[in-house]
Amino acid sequence: MDTNRFKLPSLNAFKAFHAVARHGSVSGAADELSVTPQAVSQQVKLLEDTLKVTLFERRGRSIESTETAVLLARFVEAGFEEMAEGVRRVTRQRCRDRINLNVSPYFATRYLLPRLSGFRGFQPQSDLRMTTMVETPDFERDDIDVAVQWGYGDWGNLEANLLLKDPKVICCTPELAVRVKSRQDLAGQRLLHPVLKNSLWSDILEFLDVQVPDDASELAFHDAETMRCATLSGMGIGLISRVDAEHDTLAGDLVAPLGVDALRDLPPEKVPGFYLVLPRAHRRITWIESFCDRVTGQNWENATE
């Protein structure tokens, strides 16, 4: 935006608006900003007069955000996040070239660790620090710059770029496979979920047109590798990443009772994958941008490349 042609309202007005929009009340905003409710109301009124819009509807002692306020709040929130990130970066001189990376444990061991020396070498002045958490980190609280997460590409306001699809194969031990002669037989078996709180099995069962009773036996794991170990031990029917399924079936440790291609035609939006995830503001940092370009430019299909 050309600020020479449009003068932005004061920062205090935006701060007051931002606080009121989040708290849904003037008094809550006043407590946060350590000012009087009258001061908050004055700043919001100043912003409304400057922009010539109505931001809040007063209804007795309560207020409601207008559609205009909801839209503006998104951009103000993003602006404050970018300012906070800038301040954090310039006041931590010794850590300015550090990249704090959180990676899905499975992706770290299967794909990233074999290539980690290459990533450290492409930008020698950068200090790469890696953690492995299954859950999406709180980037500010956890001090994370970039993450590689397993999922379906929807992380709200975060930027997400697909690195690698993670198609699954329905697998079990040879002993358990004798009970699974058709897809309908899945309804009577214990189903092992690769991660907590995901829809993968329900999507697959819907695709296969299998009705599972409400009291069906299920077991969810915190990560895919633990679920794979449970599958190998015969605890139930697992969803194994294709690269591991090929290895385990070739070794004779597991079989794919419905065939390795049973899920090949699963709708693309139902197939999970590994995504590079980060706040858009982090792209403003040169070495983080370079690292992201390097990661997204890789051919991750070959795990041993």
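Read on for an overview of the structure. (Residues numbered from 1 in each chain as written. Predicted model: local features only at pLDDT ≥ 70, side-chain atom pairs only at ≥ 80, totals over all residues. Heavy atoms only, no water.)

A short note on the overall build of the chain
Helix and strand counts for the chain stand at 11 helices and 11 strands. Against the globule reference of 19 Å for 305 residues, the chain gives a C-alpha radius of gyration of 25 Å, more extended than a compact globule. Taking the principal axes of its C-alpha atoms as reference, the chain extends roughly 75 × 55 × 30 Å. In the chain, buried positions account for 41% of the 305 residues. Within the chain, counting contacts between residues at least 6 apart in sequence, those at least 24 apart form 74% of the total. (Helix = DSSP H or I, 4+ residues; strand = E, 2+ residues; numbered from the N terminus. Rg over C-alpha atoms; globule rule 2.2 N^0.38 Å. Buried < 20%, exposed > 50% of the residue type's maximum accessible area, 1.4 Å probe, protein only. Contact = heavy atoms within 4.5 Å.)

Re the sheet that holds strand S5 (residues 146-151)
Strand order in the open sheet formed by 5 strands is S4-S3-S5-S11-S6, with mixed pairing between adjacent strands. Edge positions in the open sheet fall to strand S4 (127-131) and strand S6 (159-165), since each of these has one partner strand only. Pairs of neighbouring strands in the sheet enclose a mean axial angle of 25°, with direction left out of account. Sheet topology note: the strand S3 (residues 98-103)/S4 ladder contains 5 bridges and is parallel. (Pairing = 2+ DSSP bridges. Axes fitted to C-alpha atoms, helices over the stretch in contact; angles between N-to-C directions.)

A short note on the pattern of salt bridges
Applying the stated criterion across every chain yields a total of 16 salt bridges. Here Arg 141 ties to Asp 142 by a salt bridge, and the two come within 3.1 Å at their closest N and O atoms. Residues Asp 261 and Arg 264 are paired through a salt bridge, measuring 2.6 Å at the closest nitrogen-oxygen approach. Via salt bridges that share partners, Arg 110, Glu 225, Arg 228, Asp 244 and Asp 248 belong to a single interconnected network. (Salt bridge = Lys/Arg side-chain N within 4 Å of Asp/Glu carboxyl O.)

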